[in-house]
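# Structural features, examined
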Amino acid sequence: KNNTTLDYIYIIDDHGNSYILKRNGTQKVKINKEIPMSDKNDFDSALIAYENAVRLDPDDAESQYQLGKILSLTKNYDKAELVLEKARSLRTGHAATHYELGRLLLAKGNLNEAEDHLIKALEKNSDNVNYLLAISKVRSENNKLDGALEYLFRVVKIEPKNTDAI
């Protein structure tokens, strides 16, 4: 066992799927895809793994991002926001980090800030259905209904059978 890094870490992708990754020095190698973390309710293990990863390497943007995502999923929004802001500062322009910040700011009711982050995510990946749905929700809750519909139409254009947009 290497005392300076974790042997295995958890990654949760934008669809809620979890991966166990083996660290090989600084390179991460996928070794096993598991069922979605939310189905396993195994946030405790992931949280411990990423808290340790951040403690060992506070400048690792991916570990900061994953920790922030887990904290957000477990509704620890204030701490998640701090961690995701750290991840954003380490890896500027990362669309998924802006998306997660937008989602948690929406949950906290900070609609204008949420929209700003979601727009930044869309600037990097304009056809991401999750990003489009999230900004539509933000605009709807902020009584910008025309803007909300615009994003829903874009979702339907990309995925005509998407039930979240219909």
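What comes next concerns the included structure. (Residues numbered from 1 in each chain as written. Predicted model: local features only at pLDDT ≥ 70, side-chain atom pairs only at ≥ 80, totals over all residues. Heavy atoms only, no water.)

## Quick word on the packing of helix α7 (residues 129–141) against helix α8 (residues 145–158)
It is the contact of α7 with α8, at a shortest axis distance of 7 Å, that shows an interaxial angle of 160°. In terms of orientation, α7 and α8 fall into the roughly antiparallel class. Taken as a pair, α7 and α8 cross one another with a handedness that is left-handed. Between α7 and α8, the contacting residues are Val129, Leu132, Leu133, Ile135, Ser136, Arg139 and Ser140 on the first element and Leu145, Gly147, Ala148, Tyr151, Leu152, Arg154, Val155 and Ile158 on the second. Of the residues belonging to the contact of α7 with α8, the class tally is 10 nonpolar, 3 polar and 2 charged. (Axes fitted to C-alpha atoms, helices over the stretch in contact; angles between N-to-C directions. Helix = DSSP H or I, 4+ residues; strand = E, 2+ residues; numbered from the N terminus. Parallel < 35°, antiparallel > 145°, perpendicular 65-115°, else oblique. Left-handed = near helix turned anticlockwise from the far one by under 90°. Contact = heavy atoms within 4.5 Å. Nonpolar A, V, L, I, M, F, W, Y, C, P; charged D, E, K, R; others polar.)

## Structural notes on the pattern of salt bridges
Under the counting rule described, the total for this entry stands at 10 salt bridges. Here Lys79 makes a salt bridge to Glu51, at a shortest N to O gap of 3.7 Å. Here the residue Lys79 occupies a position in helix α4 (residues 77–90), and Glu51 occupies one in helix α2 (residues 43–56), the gap between them amounting to 28 residues. Residue classification places Lys79 among the partly exposed positions, given a relative accessible area of 39%. A relative accessible area of 33% places Glu51 in the partly exposed class. (Salt bridge = Lys/Arg side-chain N within 4 Å of Asp/Glu carboxyl O. Buried < 20%, exposed > 50% of the residue type's maximum accessible area, 1.4 Å probe, protein only.)

Purely geometric numbers; function is a separate question.
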